[in-house]
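A look at the structure
The primary structure of each chain is shown beneath.
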Amino acid sequence: MTNSIAEIGDASVIMAVGTNTTSGHPIIGQQVRAAKRKGSKLIVVNPKEIDLARTADHFLRLKPGTDVTLLMGMARVILDEGLYDKSFIEQRCEGFDAFVGSLAAFDLDSVEKVTGVPKDAIAAAARCYASGQPASILYCMGVTQHVQGTDNVLAVSNLAMLTGNIGKPSSGVNPLRGQNNVQGACDMGCLPNVYPGYQPVALEEVRAKFESAWGAKLTDSPGLTHTEIFDSMFSGSIKALYLVGENPYISEANSSHATEAMEKVEFMVVQDIFLTESARYADVVLPAASFAEKDGTFTNTERRVQRVRRAIEPVGDSRADWQIVCEIARRMNAKGFDFSSPEEIMREIASVTPSYGGITFKRLEYGGLQWPCPTEDHPGTPILHTERFPTDTGKGKFKPLAYRKSAEEPDEQYPLILTTDRSLYHFHGTMTRRVYGLNILEKEEMLRINPEDAVQFGLKDKGKVRVTSRHGTVETKVLITDKCPRGMVSMTFHFAETPTNIMTCSELDPVAKTPTTKVCTVRVESV
């Protein structure tokens with residue numbers, strides 16, 4: 001997030017794009033609801049009628065996979081009506097003329113035809129966003145998990161820069177991260193092209209710094225993305241897999257492909273707090289400690305680094321992840337793994353990661369710190385990009401964009417679009433499905449379908465249905481609801497006995513290599 005969670009409540013306008021915030025991020029969802037009660041305007045962009053849509057000032061119910069067209073259409077309105085922030089653009093941005101040229105393709109008649117959203121509704125939402133200062137954009141995987149995911153994010157950024165809604169309190173572009181430490185994992189280099197702190201693998205001076213710190217020769221070639229790893233396992237070019245805190249059997253797009261890949265590797269290790277469905281394919285299972293059994297830090301979605309303190313001793317033979325990794329490394333005669341505590345590891349992080357340079361366990365005793373925090377006397381950074389952007393010129397770069405179709409579109413054989421989302425009561429299912437009370441609240445998968453589609457396909461509420469895509473088939477029960485528009489159905493992916501991701505599409509965004517789990521065509525048949 002460019003801004004902080006607490007700032008959301010003071011935004012004049014909040015635009016929630018591709019996020020079911022009250023289910024996926026309920027604490028942030030409460031901030032949005034509180035802001036609405038105080039008088040903030042709310043724009044919801046989502047194919048489904050999510051909870052926030054009921055109180056939204058503007059609900060733009062677009063066809064799945066048409067986000068770029070809708071957002072560029074809004075930008076066209078803002079430009080044509082002179083609602084853009086000319087001063088901000090001149091002083092802090094570049095590439096504006098090329099961006100303006102690309103908007104010619106997004107007249108409102110064309111945008112309405114592609115998105116299915118009435119042009120008057122698009123124009124009204126654009127005026128609302130541009131006229132309310134400050135305005136905050138929230139987005140989630142409904143934006144990123146498409147073949148156009150990178151373009152979707154760029155379209156969001158274009159809109160924020162166009163209106164000067166970045167680098168200021170209660171504004172910004174705010175991606176909502178899924179789990180409690182997804183941000184921290186990325187910060188620590190769990191991405192194929194960067195070292196900790198997003199320092200590029202390809203830069204010689206960065207590589208030299210880490211070679212000196214770690215006493216090892218490092219490659220200048222980026223690694224593989226998550227999805228590419230499973231493709232390489234399937235083809236045989238990757239022979240072994242070390243899987244930590246991940247359950248691809250449930251969570252991976254086109255999960256039957258991931259399962260076959262796990263069956264093919266010669267050696268597989270699973271390190272987790274439970275014996276997951278994916279652990280069935282492991283040669284070795286290493287029991288890891290849960291959050292309550294270890295010390296360390298988590299970095300949350302607003303870049304806030306916070307202490308985690310052990311409440312109980314590790315159960316059974318389980319150990320903290322860092323202890324397991326260090327012990328394996330030592331047995332392989334590797335150097336540099338002689339850590340005795342998470343605090344010692346944090347000192348090394350600070351020494352090689354400028355954005356974490358001023359973060360210490362001692363400082364975290366008094367509360368969290370938001371990076372970048374380069375020195376020990378630095379207070380942390382609640383708002384990013386207040387004076388410059390992290391580009392070669394320090395200016396924000398507008399990006400011309402064009403509409404691209406999704407990898408799969410409805411046809412006679414697969415007439416419906418399936419999109420996946422999360423329940424309020426479960427996350428992936430590895431942990432929450434083991435909680436008795438949560439299973440009372442939601443115990444099984446349901447196919448959510450519009451009443452008119454249910455009639456067309458002969459489905460009854462709570463009846464059993466077979467759902468088939470180009471990639472796989474599952475059986476589940478039906479929930480008839482007008483929260484889904486005609487032509488679209490939705491399912492969660494929490495239930496191992498109904499592995500929804502067997503059906504989802506693994507076509508990748510060409511830049512981020514993110515799979516297309518939000519648009520997959522299916523057919524349904526009563527069982």
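Rules used throughout
Residues numbered from 1 in each chain as written. Predicted model: local features only at pLDDT ≥ 70, side-chain atom pairs only at ≥ 80, totals over all residues. Heavy atoms only, no water. Helix = DSSP H or I, 4+ residues; strand = E, 2+ residues; numbered from the N terminus. Buried < 20%, exposed > 50% of the residue type's maximum accessible area, 1.4 Å probe, protein only. Contact = heavy atoms within 4.5 Å. Areas by Shrake-Rupley, 256 points an atom, 1.4 Å probe, with all protein chains shown as cover. Pairing = 2+ DSSP bridges. Salt bridge = Lys/Arg side-chain N within 4 Å of Asp/Glu carboxyl O. Domains from an automatic or database assignment. Polar contact = N/O pair within 3.5 Å; in protein donor to acceptor, adjacent residues only side chain to side chain. Axes fitted to C-alpha atoms, helices over the stretch in contact; angles between N-to-C directions. Disulfide = S-S within 2.5 Å.

**A look at the overall build of the protein chain**
Scanning the protein chain from terminus to terminus reveals 19 helices and 21 strands. Over its C-alpha atoms, taken along the principal directions, the protein chain stretches across nearly 65 × 60 × 45 Å. Buried positions account for 50% of the 527 residues belonging to the protein chain. Relative to all contacts within the protein chain whose residues are 6 or more apart in sequence, the contacts with residues 24 or more apart total 68%. When the accessible area of the protein chain is evaluated, it comes to approximately 23600 Å², of which 53% is carbon and sulfur surface.

**Here's the deal with the sheet that holds strand β14 (residues 369-370)**
Strand order in the open sheet formed by 3 strands is β12-β13-β14, and the pairing between neighbours is antiparallel. With one partner strand each, in any of the chains shown, β12 (296-299) and β14 form the two edges of the open sheet. Strand direction decides the pairing type here: β12 and strand β13 (residues 304-308), joined by 4 bridges, are antiparallel. By the bridge assignment for β13, Thr297 is matched with Arg307.

**Considerations on the pattern of salt bridges**
Side chains that differ in sign of charge can pair as their charged atoms come close. Summed over all chains, the structure comprises 31 salt bridges. Salt-bridge contacts for Arg448 lead to Glu442; the nearest nitrogen and oxygen are separated by 3.9 Å. Accessibility assignment for this pair places Arg448 and Glu442 in one class, buried. Two residues, Glu444 and Lys477, come together in a salt bridge whose shortest N-O distance is 3.5 Å. Of this pair, Glu444 sits in the loop between α18 (436-441) and β17 (446-449) while Lys477 sits in strand β19 (residues 473-480), and the two are 33 residues apart along the sequence. On the basis of relative accessible area, Glu444 is assigned to the partly exposed category, the value being 29%. We classify Lys477 as partly exposed; its relative accessible area is 34%.

**Re the side chain of Thr227**
Along the chain, Thr227 turns up in helix α12 (residues 226-235). Accessibility expressed as a relative area gives 7% for Thr227, which makes it buried. Not counting chain neighbours up to four residues away, the residues in contact with Thr227 comprise Glu252, Leu508, Lys513 and Pro515.

**Topic: the domain arrangement of the protein chain**
When cut into domains, the protein chain gives domain 1 (5-176), domain 2 (182-370) and domain 3 (416-526). Measuring from the centre of the C-alpha atoms in domain 1 to the corresponding centre in domain 3 gives 26 Å. Counting residues at the interface gives 20 residues for domain 1 and 24 residues for domain 3. On the surface where domain 1 and domain 3 come into contact, there are 2 salt bridges. Residue Lys483 is joined to Asp51 by a salt bridge in which the shortest nitrogen-to-oxygen separation is 3.8 Å. Run the count over domain 1 and domain 3 and you get 10 residue pairs in polar contact (both at pLDDT 80 or more).

**What about the sheet that holds strand β9 (residues 240-244)?**
Taken in spatial order, the 3 strands line up as β9-β10-β11 in an open sheet, and their pairing is parallel. This sheet does not close on itself; its edge strands, each paired only once, are β9 and β11 (284-287). Strand-to-strand twist in this sheet, taken as the mean axis angle between neighbours without regard to direction, amounts to 10 degrees. Across 4 bridges, the pairing between strand β10 (residues 267-272) and β11 is parallel. Bridge pairing links Val269 to Val284 in β11. Along the sheet face, helix α15 (residues 321-331) touches β9, β10 and β11 and points at about 155 degrees away from the line of β9.

**Re unusual backbone geometry**
In this chain, Gln133 is followed by Pro134 through a cis amide linkage whose omega measures -5 degrees. Structurally, Pro134 can be placed in the loop between α7 (119-131) and β5 (135-139). Here the residue pair Trp371 and Pro372 is connected by a cis peptide bond, since its omega of 0 degrees sits within 30 degrees of zero. Mapped onto the secondary structure, Pro372 falls in the loop between β14 and β15 (396-397). Although it is not a glycine, Arg303 sits at a positive phi angle of roughly 70 degrees. The class of Arg303 is buried, set by a relative accessible area of 1%.

**Observations concerning the state of the cysteines**
With the rule as written, the count across this model stands at 0 disulfides. Note on Cys373: no disulfide assigned, nearest cysteine sulfur contributed by Cys186 at a separation of 20 Å. Considering cysteine sulfurs only, Cys505 is the nearest to Cys520, which forms no disulfide, with 6.5 Å between them. Of the residues examined, Cys520 reaches a relative accessible area of 0% and is grouped as buried.

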